[in-house]
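# Report on the structure
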Protein chains: 2
Amino acid sequence: MLDHVFFIAKMQDALNKNEMIVFGAHCAVWYSGRAESYLPDGDRLIIIKPDKTLLIHQPSGSAPINYMKEGCKVHINHSDTSLFLNCINIPLKEYLDIKLNSVHFFESHPMEDIQKIQLAGTEEDMADMIYKNPELIEPGFKPVSKEEQTKYGFIDVFGYDKNNVLVIIECKRYSADLSAVTQLRRYVEKIKASKGIDKVRGVLAAPKITPNSLKMLQDWGFEFCSVKPPKYLERYDKDQKSLGDF
Amino acid sequence: MLDHVFFIAKMQDALNKNEMIVFGAHCAVWYSGRAESYLPDGDRLIIIKPDKTLLIHQPSGSAPINYMKEGCKVHINHSDTSLFLNCINIPLKEYLDIKLNSVHFFESHPMEDIQKIQLAGTEEDMADMIYKNPELIEPGFKPVSKEEQTKYGFIDVFGYDKNNVLVIIECKRYSADLSAVTQLRRYVEKIKASKGIDKVRGVLAAPKITPNSLKMLQDWGFEFCSVKPPKYLERYDKDQKSLGDF
DNA sequence: GGGGAGAGATGCCGC
DNA sequence: GCGGCATTTCTCCCC
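Here's what I pulled together on the structure shown here.

The rules behind the values
- Residues numbered from 1 in each chain as written.
- Chains lettered and ligands numbered in written order.
- Predicted model: local features only at pLDDT ≥ 70, side-chain atom pairs only at ≥ 80, totals over all residues.
- Heavy atoms only, no water.
- Buried < 20%, exposed > 50% of the residue type's maximum accessible area, 1.4 Å probe, protein only.
- Helix = DSSP H or I, 4+ residues; strand = E, 2+ residues; numbered from the N terminus.
- Pairing = 2+ DSSP bridges.
- Near = heavy atom within 4 Å.
- Polar contact = N/O pair within 3.5 Å; in protein donor to acceptor, adjacent residues only side chain to side chain.
- Nonpolar A, V, L, I, M, F, W, Y, C, P; charged D, E, K, R; others polar.
- Salt bridge = Lys/Arg side-chain N within 4 Å of Asp/Glu carboxyl O.

Burial within strand β2 (residues 36-48) of chain B is extensive, with twelve of its 13 residues counted as buried. Two elements, strand β8 (residues 118-120) of chain A and β2(B), share three bridges in a ladder whose sense is antiparallel. Residue pairing for β2(B): A:Gln118 is matched across the bridge by B:Tyr38. Alignment of strand β1 (residues 20-32) of chain B against β2(B), held across eleven bridges, turns out to be antiparallel. Its bridge partner lying in β2(B), B:Ala25 is registered against B:Arg44. Taken together, β1(B) and the strand that follows it, β2(B), pair antiparallel across an intervening segment of three residues. Sheet topology places β2(B) next to strand β3 (residues 54-57) of chain B; four bridges connect them, and they run antiparallel.

This is how it looks when you write it as structure tokens:
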């Protein structure tokens, strides 16, 4: 357990230097902003990033239990008996206060990282795959160039079938749900209205679909097409030894 | 910068004890599972929780850049020249590998926390508020008891207006968007079909609504009602000094 | 375990 | 800044 004076000095120095700060503490947390919350005493990990994002993590789960977005101001307040971190984000009108009962450890370090993640297997990759392999939808399907699709909004893929009927395709990389069906319906109705045509096919392309969603889809005269999302980095999957090849 | 042998010993001990582990490192990350990704060398904060959730955070932003869900197995592999953390989640078929170039610091500590957060100002609170104050929707609106709403699905509030016409209300705590409108449409159509009645009013209750969404709402004959979400813990907002009163 | 829906969602891109 | 939308969404509740 760290001494208050020592903790305050280290913390203030690290805040001034915009270092990555991480410490463990037994604490309670109050939040007020978009909503309001109170978290009673317990052990948590607290992170303050160089961009002044603050995260509070409990010992389990992926998501932070409390947080403040980028750009919050952190003030250390203490009396003989208590130690508080008061955080405020003025433009967002958000407030978060941490009562620190004891600090288990404290670390800070400057961090540089300009790298961005390379991600494959997204919905956009799925749309690209269908453009390049239109037979995944059906024989004779002819996708229209990507540039044109922007005129009609955020439609994933559209083109014409072998009878030259317009086809709108909504891709989902996971199991298609009710909202995917209503999204497809919105696009089909939008195109029907804007182009003044009556016959437009709507196709939901996804690896699978929930039973209720399939029923709703068919009730509205749309179709489901089973398509798996692509994984462009499969090389990694097949040869774990070649990690250095990237 | 920590010595490899020292780091490995500390890490293995902390993993065995199910402690909260956090360390800073210059590293690269590969992921394969629901999607695939590669993150080139950079400084990051790496967290391994007692429940074996793994999080990798860059120096900015709220969300982890890479992660593994609860229950992953962590193996330390090293040669003369390299140090790897290989993580695997067998039931989810997910894999994550970290190449550690250097470790800036390492901390671990046992953590206990059984507390749950108390949150106010959610969509459910908003529905409760409308039940208790039906005049927020319109004079003469009579909400039906909450128990009955479950028979008809996830409808936030429903009741009858002064002319005894059925009213379905969808609440949104933020600005209502297109999906909120299609969600309301689904509920109204479901109720019309299941009860065999033709006249059902649909009301979207939210603090505001986007222009496109308002147009779509009105095109389908539904209504918008401006309602602010409640904040039950306002006491805290008004008197920051009474933090200990909870 | 899957389905359905909210979230203090976050993050990205476009206007 | 808002709008629209995907997300390795996460989390919760209910069946």
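Here the narrative resumes, following the displayed structure.
Let us now look at the protein's contact with DNA strand D. In the neighbourhood of DNA strand D, 26 residues make up the surrounding shell, with A:Arg173, B:Arg34, B:Asn66, B:Tyr67 and B:Asn212 lying closest. Close to the protein, within 4 Å, the atoms of DNA strand D belong to sugar or phosphate groups at a rate of 83%. A distance of 3.2 Å separates a base oxygen of DNA strand D from a polar side-chain atom of B:Tyr31. For DNA strand D, a phosphate oxygen lies 2.9 Å from a polar atom in the side chain of B:Thr210. Elements supplying a minimum of two residues to the surface near DNA strand D: α4 (178-195) of chain A together with β4 (66-68) and α5 (211-219) of chain B. Element by element, the count of residues in the surface near DNA strand D is highest for α4(A), at three residues. For the surface near DNA strand D, the residue count by class is ten nonpolar, eight polar and eight charged.

Moving on: the protein's contact with DNA strand C. Taken together, 26 residues surround DNA strand C, and among them A:Asn66, A:Tyr67, A:Thr210, A:Asn212 and B:Ser62 come closest. Backbone atoms, meaning sugar and phosphate, form 81% of the atoms of DNA strand C found within 4 Å of the protein. Between DNA strand C and B:Ser62, the relevant distance is 2.8 Å, taken from a phosphate oxygen to a main-chain nitrogen or oxygen of the residue. One nitrogen or oxygen atom from the main chain of B:Ala63 is found 2.9 Å from a phosphate oxygen belonging to DNA strand C. Going through the elements one at a time, β4 (66-68), β7 (94-109) and α5 (211-219) of chain A together with α4 (178-195) of chain B are the ones with two or more residues in the surface near DNA strand C. Looking at the surface near DNA strand C residue by residue, the class counts come to eleven nonpolar, seven polar and eight charged.

Let us now look at the pattern of salt bridges. All names here are of chain A. On inspection of all chains with the given rule, the structure shows 24 salt bridges over all chains. Between Lys 17 and Asp 13 there is a salt bridge, and its shortest N-O distance comes to 2.9 Å. We classify Lys 17 as exposed; its relative accessible area is 51%. Note on Asp 13: relative accessible area 36%, which makes it partly exposed. Note that Lys 172 and Glu 170 form a salt bridge whose closest N and O atoms lie 3.3 Å from each other. Neither residue differs from the other here; Lys 172 and Glu 170 are each classed as buried. One connected set of salt bridges, linked through shared partners, spans Glu 138, Asp 161, Arg 201 and Glu 223.

Note that all results are geometric; they support no functional claim without further evidence.
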